[in-house]
Amino acid sequence: MSCLKHILPAAAVGALLTLASITPASADGGWWHSRDNPTGAKAYFKEHGDKVTVCDIDKDGYKALVQVMTSNESLAYQFHDNHDNGKCTSESARSGYDLFEDRTYKFRVCIVKIGTRPLDCSSIKSVLNDH
């Protein structure tokens, strides 16, 4: 019986870890950064109001770019930070960037020079927009 006491909690923890690895993160999970962190770009998604913020961290001639994709990685929209000096730019449902509720979206932040391909992009962050 004492062996069963140890197996059941271990099995429950294993099941939770498996579930956590396949479930998209809830929104408002914090900042994520381009691969050239700490000098590139960072972005944040706030679920209430569908607010996406992107910030250029370093004054270097590059812009911060955030891409918002559907669950199958089709581009929903993208925009860049209007600054090159550590300030941020935000878009939200209020400004016309409304995201559907109860859907998973994927986000990526990069640096870019206007007219060129994005560089140093972050890994894709999946978020369930359930509010």
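Below is a summary of the structure that appears in this document. (Residues numbered from 1 in each chain as written. Predicted model: local features only at pLDDT ≥ 70, side-chain atom pairs only at ≥ 80, totals over all residues. Heavy atoms only, no water.)

## Quick look at the state of the cysteines
Thought 1: In this structure the tally under the stated criterion is two disulfides.
Thought 2: Here Cys-55 connects covalently by a disulfide to Cys-88, the sulfurs 1.9 Å from one another. One disulfide, between Cys-55 and Cys-88, carries an S-S torsion of 100° and so falls in the right-handed class. Of this pair, Cys-55 sits in strand β4 (residues 51-56) while Cys-88 sits in strand β7 (residues 88-91), and the two are 33 residues apart along the sequence.
Thought 3: We classify Cys-55 as buried; its relative accessible area is 1%.
Thought 4: Each sulfur of the disulfide joining Cys-110 and Cys-121 lies 2.0 Å from the other. For the disulfide bridge between Cys-110 and Cys-121, the dihedral angle about the S-S bond is near 110°, and by the sign convention the bridge is right-handed. Note that Cys-110 is positioned in strand β8 (residues 103-112) and Cys-121 in the loop between β8 and β9 (125-129), a separation of eleven residues in sequence. As far as the burial class goes, Cys-110 and Cys-121 line up, both buried.
Thought 5: Along the protein chain, the cysteines engaged in disulfide bonds are linked according to the scheme 1-2, 3-4 when indexed in sequence order. (Disulfide = S-S within 2.5 Å. Helix = DSSP H or I, 4+ residues; strand = E, 2+ residues; numbered from the N terminus. Buried < 20%, exposed > 50% of the residue type's maximum accessible area, 1.4 Å probe, protein only.)

## Structural notes on the pattern of salt bridges
Thought 1: Taken as a whole, this structure holds one salt bridge when the rule is applied.
Thought 2: A salt bridge links Glu-73 to Lys-106; the shortest N-O distance between them is 3.3 Å. Here Lys-106 lies in strand β8 and Glu-73 lies in the loop between β5 (63-69) and β6 (75-80), a separation of 33 residues in the sequence.
Thought 3: Exposure remark for Lys-106: the relative accessible area of 16% places this residue in the buried category. (Salt bridge = Lys/Arg side-chain N within 4 Å of Asp/Glu carboxyl O.)

## Here's the deal with the sheet that holds strand β3 (residues 41-46)
Thought 1: Within the open sheet, the four strands sit side by side as β2-β3-β4-β7. Their pairing is antiparallel. The open sheet is flanked by β2 (32-33) and β7, the only strands paired with a single partner.
Thought 2: Pairing between β3 and β4: six bridges, direction antiparallel. Bridge assignment links Ala-41 to a residue of β4, and that residue is Asp-56. (Pairing = 2+ DSSP bridges.)

## Re the nonpolar core
Thought 1: Counting 17 residues, the largest nonpolar core has Trp-32, Phe-45, Val-52, Val-66, Val-68, Leu-99 and Phe-107 as the members making the most contacts within it.
Thought 2: The set of elements that each furnish at least two residues to this core consists of β3, β4, β5, β6 and β8.
Thought 3: The leading source of residues in this core is β8, at four residues.
Thought 4: Those residues in contact with Phe-107, other than ones at most four positions away along the chain, are Trp-32, Phe-45, Val-52, Gln-67, Val-68, Met-69, Leu-99, Ser-123, Ile-124, Lys-125 and Val-127. (Core = buried A, V, L, I, M, F, W, Y, C linked by side-chain atoms within 4.5 Å. Contact = heavy atoms within 4.5 Å.)

## Things to note about the packing of aromatic side chains
Thought 1: Tallied over the full model, the rule gives six aromatic pairs.
Thought 2: Centre to centre, the rings of Tyr-77 and Phe-79 are 6.3 Å apart; their planes meet at 15°, and the pair counts as stacked. Across the pair, exposure class does not vary: Tyr-77 and Phe-79 are buried alike.
Thought 3: An aromatic cluster is built from Trp-32, Phe-45 and Phe-107, whose rings are joined through pairwise contacts.
Thought 4: Cation over ring: Lys-42 sits above Trp-31, and NZ or CZ is 4.5 Å from the ring centre. (Phe/Tyr/Trp six-rings, centres within 6.5 Å; stacked < 30°, edge-to-face > 60°. Lys NZ or Arg CZ within 6 Å of the ring centre and 35° of its normal.)

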